[in-house]
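A closer look at the structure
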Amino acid sequence: MNRVILIGNGFDLAHGLPTRYEDFIYWYWGQLGQKLRLCSDKVVQDPFCSFVLKENIGLAGWYLVWSYRYQILLNPRSNKELAEIAMQDKEMCDFKIHSVFFSRICNAIESKGWVDIEREYYELLRNVVLKPEECDYTISELNNHLQYVQGLLTQYLLSITNVDINCDNQIRQQIYGKIRKNDISISQLPAYYDYVDFLINHADDEYQRLLYRYGIDGPNRYFLGEDIKKLKSFSNSKEIEEVYLRDLILPSNILFLNFNYTGVADLYGSEKVSTVIHIHGKLDTPNSMIFGYGDELDDEYKNILNTSNNEYLKNIKSIRYLESSNYRKMLQFIESAPYQVYIMGHSCGNSDRTLLNTLFEHNNCVSIKPYYYQKEDGTDNYLEIVQNISRNFTDMKLMRDRVVNKTFCEPLPQIK
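Thresholds applied
- Residues numbered from 1 in each chain as written.
- Predicted model: local features only at pLDDT ≥ 70, side-chain atom pairs only at ≥ 80, totals over all residues.
- Heavy atoms only, no water.
- Buried < 20%, exposed > 50% of the residue type's maximum accessible area, 1.4 Å probe, protein only.
- Helix = DSSP H or I, 4+ residues; strand = E, 2+ residues; numbered from the N terminus.
- Contact = heavy atoms within 4.5 Å.
- Core = buried A, V, L, I, M, F, W, Y, C linked by side-chain atoms within 4.5 Å.
- Axes fitted to C-alpha atoms, helices over the stretch in contact; angles between N-to-C directions.
- Parallel < 35°, antiparallel > 145°, perpendicular 65-115°, else oblique.
- Left-handed = near helix turned anticlockwise from the far one by under 90°.
- Nonpolar A, V, L, I, M, F, W, Y, C, P; charged D, E, K, R; others polar.
- Polar contact = N/O pair within 3.5 Å; in protein donor to acceptor, adjacent residues only side chain to side chain.
- Phe/Tyr/Trp six-rings, centres within 6.5 Å; stacked < 30°, edge-to-face > 60°.
- Lys NZ or Arg CZ within 6 Å of the ring centre and 35° of its normal.
- Pairing = 2+ DSSP bridges.
- Salt bridge = Lys/Arg side-chain N within 4 Å of Asp/Glu carboxyl O.
- pLDDT = per-residue confidence, 0-100.
- Expected span 1.5 Å × (residues − 1).
- 1 Å grid on protein atoms, 1.4 Å probe; cavity = no way out; pocket = protein on both sides within 12 Å on 5 of 7 lines; lining within 4 Å.
- Points joined across faces, edges and corners; volume = space filled by probe spheres on them.

**Comments concerning helix α17 (residues 382-390)**
Along α17, the residues that are buried comprise Y382, I385, V386, N388, I389 and S390. Where α17 is buried, its residues meet β7 (339-344), α16 (353-360), β8 (365-371) and α18 (396-402).

**With respect to the nonpolar core**
F24, Y28, F101, I117 and L125 are the most contacted members of the largest nonpolar core, which totals 52 residues. Elements supplying a minimum of two residues to this core: α2 (21-38), β3 (49-53), β4 (93-97), α5 (100-112), α6 (117-130), α7 (139-160) and α13 (301-305). Y28 has contacts with D46, F48, C49, F102 and L152, leaving out every residue within four places of it along the chain. By size, the runner-up hydrophobic cluster in this structure holds 36 residues, among which are A14, Y207, F256 and V366.

**With respect to the packing of α5 against α6**
Packed helix pairs are specified by the crossing angle of their axes together with the interaxial distance, meaning the distance between the axes. Running from N to C, α5 and α6 cross one another at 130°; their axes reach a closest spacing of 10 Å. With respect to their mutual orientation, α5 and α6 come out oblique. In this structure, the crossing between α5 and α6 has a hand that is right-handed. Contacts from V100, F101, R104, I105, A108 and K112 in α5 reach I117, E120, Y121, E123, L124 and N127 in α6. Each residue belonging to the contact of α5 with α6 can be placed in one class, and the counts come to seven nonpolar, one polar and four charged.

**Quick word on the side chain of N364**
Within the element layout of this structure, N364 appears in the loop between α16 and β8. In this structure the side chain of N364 is engaged in a polar contact, spanning 2.9 Å, whose partner is the backbone oxygen of I334. Residue contacts for N364: discarding those within four places in its chain leaves I334, E335, S336, A337, P338 and Y339.

**Things to note about unusual backbone geometry**
Here C348, not a glycine, exhibits a phi torsion of approximately 60°, which is positive. With a relative accessible area of 0%, C348 lands in the buried category.

**With respect to the packing of aromatic side chains**
Enumeration according to the criterion identifies 20 aromatic pairs in this entry. Aromatic side chains Y28 and F48 sit 5.9 Å apart centroid to centroid with 65° between the ring planes, which places their arrangement in the edge-to-face category. Taken together, the residues Y28 in helix α2 and F48 in the loop between β2 (43-45) and β3 connect sequence positions 20 residues apart. Between W29 and F95 the ring centres are 6.4 Å apart and the planes differ by 55°, which places this aromatic pair in the tilted class. Within this pair, whereas W29 is found in helix α2, its partner F95 is found in strand β4, the two being separated by 66 residues in sequence. Overall, the relative accessible area of 4% leaves F95 in the buried class. An aromatic cluster is defined as three or more aromatic residues linked by ring pairs; in this entry it consists of Y28, W29, F48, F51, F95, F102 and Y148. The side chain of K112 reaches across the aromatic face of W114, ending 4.3 Å from its centre. The positively charged end of K406 is found above the aromatic ring belonging to Y372, 5.5 Å away from the centroid.

**Describing the sheet that holds β3**
Ordered in space as β2-β3-β4, the three strands form an open sheet in which the pairing is antiparallel. Every interior strand has two partners, whereas the edge strands, β2 and β4, have only one. Each adjacent strand pair in this sheet contributes to an overall mean axis angle of 5°, direction not counted. As paired elements, β2 and β3 share three bridges and run antiparallel to each other. Within the sheet, the bridge partner assigned to Q45 lies in β3 and is S50. Sitting on the sheet, α2 is in contact with β2, β3 and β4, with an inclination near 25° to β3.

**A closer look at the pattern of salt bridges**
Scanning all chains against the criterion turns up 12 salt bridges. The salt bridge involving K282 is made with D284; its shortest N-O contact spans 3.9 Å. Note on K282: relative accessible area 28%, which makes it partly exposed. A salt bridge links R353 to D295; its shortest N-O distance comes to 3.1 Å.

**Notes on the confidence of the model for the protein**
On average, residues of the protein score 86 in pLDDT, and 82% of them are at 70 or above. Confidence drops under pLDDT 50 across residues 217-224; counting only partners more than four residues distant or on other chains, this segment forms 18 contacts.

**Structural notes on α2**
Taking 1.5 Å of rise per residue, 18 residues should cover 26 Å, and α2 covers 26 Å from first to last C-alpha, within 8% of that figure. Counting buried positions along α2 gives 13 out of 18 residues, so the element sits mostly inside the fold.

**Some thoughts on the layout of surface pockets**
The calculated volume of the largest pocket comes to roughly 1600 Å³. Along its surface, the largest pocket is lined by 47 residues, and N9, G10, L13, G345 and S347 are the ones closest to its centre. Counting residues per element, the ones that place at least two in the lining of the largest pocket are α1 (9-14), α2, α6, α7 and α17. Take the lining of the largest pocket: its biggest share by element is five residues, from α1. Classifying every residue of the lining of the largest pocket gives 16 nonpolar, 17 polar and 14 charged.

Structure representation (structure tokens):
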């Protein structure tokens, strides 16, 4: 029995990296503020917005005057405030946001305090397919702006990951920990018992080799000779006391399915036990990065497929996966044996719905265990994750069987 670890943005956040999209957008405003502060000309612009000064003064001077007048500190969030001031300063400065995409991103942060950039892209994509006459943008413009966001995001992530990141022993113990019977769905318990039987019947070789791969050998291994003899005395694994089951089962192989662009997940890899697949690519190879949307289960997706213009499919993840062998490797892993799914920091939102549906509804999936975020006030997001998980299923009965209930789940540790 194997284990798949879904690594999402919350995993990087748990390690102290400011990788929220909001952090990235505020960084963008900070970079724009730097350009204004150092600009001796009257124009600063990019695909998203433009500053054009009307008065006979350079932008650097304008920036200094207004930041002093409003006592705005030179930080990314303050530069967003300065942009808002510039929009009101019609006499001296003409500031405009040209991108509908970027405007939606900023509005989402303003109204909700967070943003899902890939979701915003898909909403605009659907609009331009269904009601092109009502859109003041084209699909080419939308795709170009998404590409520009990806380039900026790469710069930002490279700037914040150039630090030492420490592994957490609690997280490592969860990743490489034992398989609990209570985590297994009722319908898949036979697969669990088959695995137990396999280890019992080959206890003198298979199990000891498994322990060796985990670095547990010699006098430090979990089971000594007498324990193995006791296990072999049972004719059926269901007769084994829970104390034995609790100490017996380890996953044969572990797959880290990393949805992040960073390499934090690589720090937890073990050559003998685990494999890491960067399903969306890596920062050190920007051409491999997949940024877009992947929800073939959406009711409107067929309308997108029916368009004759390939621009509409340019950033659909399920198509982009074919550019590398990563998706194929994932399929080979889940086809090879029954597996658990551990969710560590992934919201399970619709932007990865196609892939997650493949994982969650596969015949070899025995359980789905979310590690939730524990807030300071004692509340958590377990229910929110489960709600998102449910959207990745077409069979709700199967979902209720496979998702591990909260009684047997726990928070993802946060590294201080």
